[in-house]
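Okay, here's what each chain looks like letter by letter:
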Amino acid sequence: MAKYFLELSYMGTRYNGFQVQPSVPTVQGALEQAMKILFKQEIELSTSSRTDAGVHARQNFFHFESDVQITAKNVYNLNAILPADISITNIYLMQEEAHSRFDALSRKYKYYIYNYKNPFMIDRGWYYPFKLDLDLLNQAAAVIMGYEDFTSFSKRNTQVHTYICRIEQAHWAMEGDMLVFTVEANRFLRGMVRALVATMLKVSRGSITLDQLKEIIEAKNCAKADFSAPAKGLFLEAVRYPYKLTAVG
C-alpha cells in the first residue's frame, strides 16, 4: 500500500461541508465517489482541514492509501468525473508516516467583504454596505495576535481537547475593491475565522471598543462573540507542510 496526498480546490456553495455525511452532498463524498468510479474500489480519504458548509478552498489536502498505482493521468481522469466546482490540482506520493492533518504547520484563510451590490460576488464574499475603518480593523487584528486561547470564538459542541491556537499573521487590507482579512495559524477552531471577522467589524463600526474585544477574548465564552459572518466569504487559501511535495509522474 502506498500513501498519497491529494491537493484540491473547490467552491463550497453546494456542499454541506467537507467531511462525508449520509444523504447530503459533501466535498469528501464527491471525491470518494469519483475515485470509486475510476479505480473500481472504495478508497477512504482523510482531510487536512475540515471546512464548514458553504466555505470555499483554493488549496486543501486529503491523504489516502491504495494498492492502485496512481499516475498523473489519474488527475485528469478524476477531474473529468468530478463536478465543475471541485478540481484536483495534484496527487503526491508520500512517505508511509505522512499525515495531511497532523503534519501541517499552518493553515491560511482569507475572508472577503464588499460594500456595493455586486451580482458576481454573491457566493464569494459578504455584502456589507457599511462604512468601515481599516486602521481600526488592523488594531483589532493586532489585539487578536496577542492571545492564544480562542474559546470565545469556537462554536459549541466541538470535540476538541484544547482551544489554544498560535496565530502567525492577522491583518486587513484592500485587494482591489474587496476588503480582505488574512489570518494564518497552526490550527483553527470550528467557526473561529468567521467569528473573528464579525466581532472585529463591530469594533470598526464602534459597537464595541478594543478593550471590550479583549474582554470578549478573555471571557472564554462563545456567547460573547459575534458569529454572524456568512460562510460564503471564507476561503481556505493554503496549507503549509514542513516537506516538499513531489507530484506523481
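Preceding this paragraph is the structure being described.
The structure displayed is predicted, hence computed values, not measured ones.

Colleague: Sorry, what's going on with the overall build of the protein chain here?
Modeller: The number of helices and strands found in the protein chain is five helices and nine strands. Along the chain direction, N to C, the helices and strands of the protein chain fall in the order β-α-β-β-α-β-β-β-α-β-β-α-α-β. The globule rule puts the C-alpha radius of gyration for 249 residues at 18 Å, and the 19 Å found for the protein chain is close to it. Taken over the C-alpha atoms alone, the protein chain extends approximately 55 × 40 × 35 Å along its principal axes. Residues classed as buried in the protein chain amount to 49% of the 249 residues present. Counting contacts in the protein chain only where the partners sit at least 6 residues apart, residues at least 24 apart contribute 75% of the total. Put simply, the protein chain shows about 12,400 Å² of open surface, and 49% of that area lies on carbon and sulfur atoms. Within the protein chain, the 25 negative side-chain charges are centred at a point lying 5 Å from the centre of the 28 positive side-chain charges.

Colleague: Quick question: what am I supposed to make of the packing of aromatic side chains here?
Modeller: Both the distance between ring centres and the angle between the ring planes are used here to describe each pair of aromatic rings. The tally for this structure, following the rule as stated, stands at 18 aromatic pairs. For the pair Trp126 and Tyr128, a centre-to-centre distance of 4.8 Å together with 65° between the ring planes defines the contact as edge-to-face. For Trp126, a relative accessible area of 14% gives the class buried. Feature note: the residues Phe5, Phe61, Tyr92, Tyr241 and Tyr243 constitute an aromatic cluster, connected by ring pairs. In this arrangement the basic side chain of Arg205 is found over the ring face of Phe130, its NZ or CZ atom lying 3.9 Å from the centre.

Colleague: It is not clear to me how the nonpolar core should be interpreted in this structure. Could you clarify?
Modeller: Core analysis: the biggest nonpolar cluster contains 75 residues, and Ile91, Phe153, Trp172, Phe181 and Val197 have the highest contact counts within it. A total of nine residues in this core trace back to one element, the largest contributor, which is helix H4 (residues 192-204). Sequence-distant contacts of Val197, that is, excluding residues within four places in its chain, are made with Tyr111, Ile113, Trp126, Trp172, Phe181 and Ala229. Judged by nonpolar contacts, the second largest core, of six residues, contains Tyr114, Met121, Met178 and Val180.

Colleague: Before we go on, may I ask you to explain the pattern of salt bridges in this structure?
Modeller: Here the idea is simple: oppositely charged side chains can pair when their charged atoms come close. Inspection of every chain in the model, using the stated rule, returns 10 salt bridges. Beyond isolated ion pairs, a larger network of salt bridges with shared partners links Glu168, Glu184 and Arg240.

Colleague: I tried to follow the side chain of His56 on my own but got confused; where do I start?
Modeller: The topology assignment puts His56 in strand E3 (residues 56-66). Within the structure, His56 has its side chain in polar contact with the backbone oxygen of Asp123 (distance 2.7 Å). When sequence neighbours within four positions are dropped, the list of residues in contact with His56 reads Tyr10, Met11, Gly12, Thr13, Asp123, Arg124, Lys232, Leu234, Phe235 and Leu236.

Colleague: Where do I start with the packing of helix H3 (residues 134-145) against H4 in this structure?
Modeller: Packing of H3 against H4 brings their axes to within 9 Å, and their N-to-C directions diverge by 130°. Between H3 and H4, the crossing angle belongs to the class labelled oblique. Crossing of H3 over H4 shows right-handed handedness. Residues Leu136, Leu137, Ala140, Ala141 and Ile144 of H3 pack against Leu196, Met200, Leu201, Val203 and Ser204 of H4. Its residues assigned to classes, the contact of H3 with H4 comprises nine nonpolar, one polar and no charged.

Calculation criteria
Per-chain numbering applies: the sequence of each chain, read as written, is numbered from 1 onward. Given that this is a predicted model, residues contribute local features only at a pLDDT of at least 70 and side-chain atom pairs are listed and counted only at 80 or more, while totals for whole chains, interfaces and linings are drawn from all residues. Only hydrogens and water are set aside when side-chain values are computed; all heavy atoms of the structure are taken into account. Going along the chain from the N terminus, every DSSP run of H or I of four or more residues is numbered as a helix, and every run of E of two or more is numbered as a strand. In this description the radius of gyration comes from C-alpha coordinates, and the expected globular size is given by 2.2 Å times residues to the power 0.38. Each residue is assigned to one of three classes by its accessible area relative to the maximum for its type, calculated with a 1.4 Å probe on protein chains only: buried under 20%, partly exposed between the two thresholds, exposed over 50%. Between two residues, a contact is recorded if the distance between any of their heavy atoms is within 4.5 Å. Only the protein chains shown count as cover for residues, and the accessible areas themselves come from Shrake-Rupley with a 1.4 Å probe. Only four residue types enter the charge count: Lys and Arg as positive, Asp and Glu as negative, with His and the chain ends excluded. Charge coordinates come from a single atom per side chain, which is NZ of Lys, CZ of Arg, CG of Asp or CD of Glu. Only the six-membered ring of Trp is used, alongside the rings of Phe and Tyr, when aromatic pairs are assigned; centres must lie within 6.5 Å, and planes under 30 degrees apart are stacked while those over 60 apart are edge-to-face, with the rest tilted. Should the NZ of a Lys or the CZ of an Arg lie within 6 Å of a ring centre and within 35 degrees of the ring normal, that charge is described as sitting over the ring. Only buried residues count toward a nonpolar core, which is a set of Ala, Val, Leu, Ile, Met, Phe, Trp, Tyr and Cys residues joined through side-chain atoms within 4.5 Å. Should a side-chain nitrogen of Lys or Arg be within 4 Å of a carboxyl oxygen of Asp or Glu, the pair is scored as a salt bridge. We call two N or O atoms a polar contact when they sit within 3.5 Å, provided that within protein one can donate a hydrogen and the other can accept it, with sequence-adjacent residues counted only if both atoms are side-chain atoms. Interaxial angle, 0 to 180 degrees, is taken between N-to-C directions of lines fitted to C-alpha atoms, where a helix line uses only the stretch in contact. Between 65 and 115 degrees an angle is taken as roughly perpendicular, under 35 as roughly parallel, over 145 as roughly antiparallel, and anywhere else as oblique. For any pair of crossing helices, the crossing counts as left-handed if the nearer helix is rotated counterclockwise from the farther one by less than a right angle, and right-handed if it is rotated clockwise. Ten residue types, Ala, Val, Leu, Ile, Met, Phe, Trp, Tyr, Cys and Pro, are classed as nonpolar, four, Asp, Glu, Lys and Arg, as charged, and the remainder, Gly among them, as polar.

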